[in-house]
Amino acid sequence: MARIAYDEAAAAAFAATRQLGSPGLTAWRAAVARHLPARPGLRLLDLGAGTGCWAAAFQQWYAADVLAVEPAAAMRRRAAYPMVAGRAEALPVTAASLDGAWISTVIHHLPDLPTAAAELRRALRSGAPVLIRSVFAGRGGGISLFRWFPEALRVVESYPAVADVCAAFGAVGFAPVALVPVPQVTAPSLRAAAAGLRRAAHTPLLLLDDADYERGLARLRAAAARTPRAPVVDSLDLLVLR
């Protein structure tokens, strides 16, 4: 399912550094609420759930039954939320049984986007939203990490563009209803971001050559040493389809 192998090292780095704190989660809760109203008995899918932080958040926000599907065994072993093994192309759910799907920083890992879209169409009830949190090709300018690792933008340009995702989902009956950038507090300061950076936790950094990575790391550390203690704010897109 992934561009990279989520082995034990990558899963450990992800679990240690890719969890948003309360300010970042608050921004996403507000963004999602505009498209996913709360109601009793809500059943949601977290596709490519990683270590389960988003599944836990949705369960808390909505008191929902969240099915967290993750293909990587190393990720599932580190999850604090109950996980199910599965792939986007063959979801372990019955037809028309879900009220929404959340896909966070996963869309670029899907090798067969049309098949994944068709599976989501099968699994979701009519009118249920697909909520995609991602950096899309051509829209990476809101990510602070790329200031220090500009070569990583070349990796992002190989990701699906918004038009690619809309075309794949449109072929099975979904239509885009919103595309909004959501600013999130990623780290309390640039020093904290530099100190906590794990290359293995970020696909664009893993796919850089070592020389580009080391140059970027030097730029980041130099900037962190001279930057006031202001929060690091990144902006990812929320694409909503129904």
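Residues numbered from 1 in each chain as written. Predicted model: local features only at pLDDT ≥ 70, side-chain atom pairs only at ≥ 80, totals over all residues. Heavy atoms only, no water.

A. Fine view of the overall build of the protein chain. Counting its regular elements, the protein chain contains eleven helices and six strands. At 18 Å, the protein chain has a C-alpha radius of gyration in line with the 18 Å of a compact globule built from 242 residues. Taken along the three principal axes of its C-alpha coordinates, the protein chain extends 50 × 35 × 30 Å. Sequence separation of at least 24 residues holds for 79% of the intrachain contacts in the protein chain that already meet a minimum separation of 6. When the accessible surface of the protein chain is summed, it comes to about 10,400 Å², and 57% of that surface belongs to carbon and sulfur atoms. Taking the average location of the 26 positive side-chain charges in the protein chain and that of its 18 negative ones, the two points are 7 Å from each other. (Helix = DSSP H or I, 4+ residues; strand = E, 2+ residues; numbered from the N terminus. Rg over C-alpha atoms; globule rule 2.2 N^0.38 Å. Contact = heavy atoms within 4.5 Å. Areas by Shrake-Rupley, 256 points an atom, 1.4 Å probe, with all protein chains shown as cover. Lys, Arg positive; Asp, Glu negative; His and termini not counted. Charge placed at Lys NZ, Arg CZ, Asp CG, Glu CD.)

B. Molecular detail of the pairing of strand β4 (residues 130-134). Burial of β4 is extensive: five of the five residues sit out of reach of the surface. Side-chain alternation along β4 places Val 130, Ile 132 and Ser 134 on one buried face and Leu 131 and Arg 133 on a second face that is also buried. Two elements, strand β3 (residues 100-104) and β4, share four bridges in a ladder whose sense is parallel. Note that in β4 the partner of Trp 102 across the bridge is Leu 131. In this region the chain leaves β3, passes through helix α5 (residues 113-123) and returns to the parallel neighbour β4; the handedness of that crossover is right-handed. (Buried < 20%, exposed > 50% of the residue type's maximum accessible area, 1.4 Å probe, protein only. Pairing = 2+ DSSP bridges. Right-handed = clockwise from strand over helix to strand, strands pointing away.)

C. A look at the packing of aromatic side chains. Inspection of every chain in the model, using the stated rule, returns ten aromatic pairs. Aromatic pair Trp 28 and Trp 102: ring centres 6.0 Å apart, planes at 75°, arrangement edge-to-face. In this pair, Trp 28 is assigned in helix α2 (residues 22-33) and Trp 102 in strand β3, connecting sequence segments 74 residues apart. Here Trp 28 matches Trp 102 in class, with each residue buried. Centroid distance Trp 54 to Trp 102: 5.0 Å. Interplanar angle 50°. Geometry classified as tilted. Note that Trp 54 is positioned in helix α3 (residues 53-62) and Trp 102 in strand β3, a separation of 48 residues in sequence. Trp 102 carries the same exposure label as Trp 54, and that label is buried. Aromatic ring contacts, followed pair by pair, group Trp 28, Trp 54, Phe 58, Trp 61, Tyr 62 and Trp 102 into a single cluster. Over the ring of Phe 174 we find Arg 121; its NZ or CZ atom is 4.1 Å from the centre of that ring. Lying over the aromatic face of Tyr 213, Arg 199 brings its terminal NZ or CZ to 4.4 Å of the ring centre. (Phe/Tyr/Trp six-rings, centres within 6.5 Å; stacked < 30°, edge-to-face > 60°. Lys NZ or Arg CZ within 6 Å of the ring centre and 35° of its normal.)

D. Expanded view of the pattern of salt bridges. Counted according to the given criterion, the structure contains twelve salt bridges. Where Arg 43 meets Asp 65, a salt bridge forms, and the shortest distance between an N and an O atom there is 3.3 Å. With Arg 43 in strand β1 (residues 43-47) and Asp 65 in strand β2 (residues 65-69), the pair connects residues that are 22 residues apart, well separated along the chain. Among the charged side chains, a salt-bridge network with shared partners connects Glu 8, Arg 77 and Arg 78. (Salt bridge = Lys/Arg side-chain N within 4 Å of Asp/Glu carboxyl O.)

E. Quick peek at the sheet that holds β1. Read across the sheet, six strands follow the order β2-β1-β3-β4-β6-β5 without closing on themselves; strand pairing throughout is mixed. Taken across any chain shown, the strands that pair with only one partner, and hence form the sheet edges, are β2 and β5 (176-187). Across this sheet, the average inter-strand angle for adjacent strands is 20°, counted without regard to direction. In the sheet, β5 pairs with strand β6 (residues 232-241) via ten bridges, with the strands oriented antiparallel. Paired with Pro 183 across the bridge in β6 is Ser 235. (Axes fitted to C-alpha atoms, helices over the stretch in contact; angles between N-to-C directions.)

F. Structural context of unusual backbone geometry. Phi is positive for Ala 63, which is not a glycine, with a value near 50°. Relative to the elements of secondary structure, Ala 63 occurs in the loop between α3 and β2. By relative accessible area, which is 61% here, Ala 63 ends up exposed.

G. Spatial organisation of the nonpolar core. In terms of nonpolar packing, the biggest core is built from 48 residues, with Phe 58 and Phe 149 touching the most fellow members. Looking at this core, the element that brings in the most residues is α3, giving six residues. Excluding its chain neighbours within four sequence positions, the residues that come into contact with Phe 149 are Leu 197, Leu 205, Leu 208, Asp 212, Tyr 213, Gly 216, Leu 217, Arg 219 and Leu 220. Counting 31 residues, the second-largest nonpolar core is a separate cluster that includes Val 69, Ala 101, Ala 117 and Leu 239. (Core = buried A, V, L, I, M, F, W, Y, C linked by side-chain atoms within 4.5 Å.)

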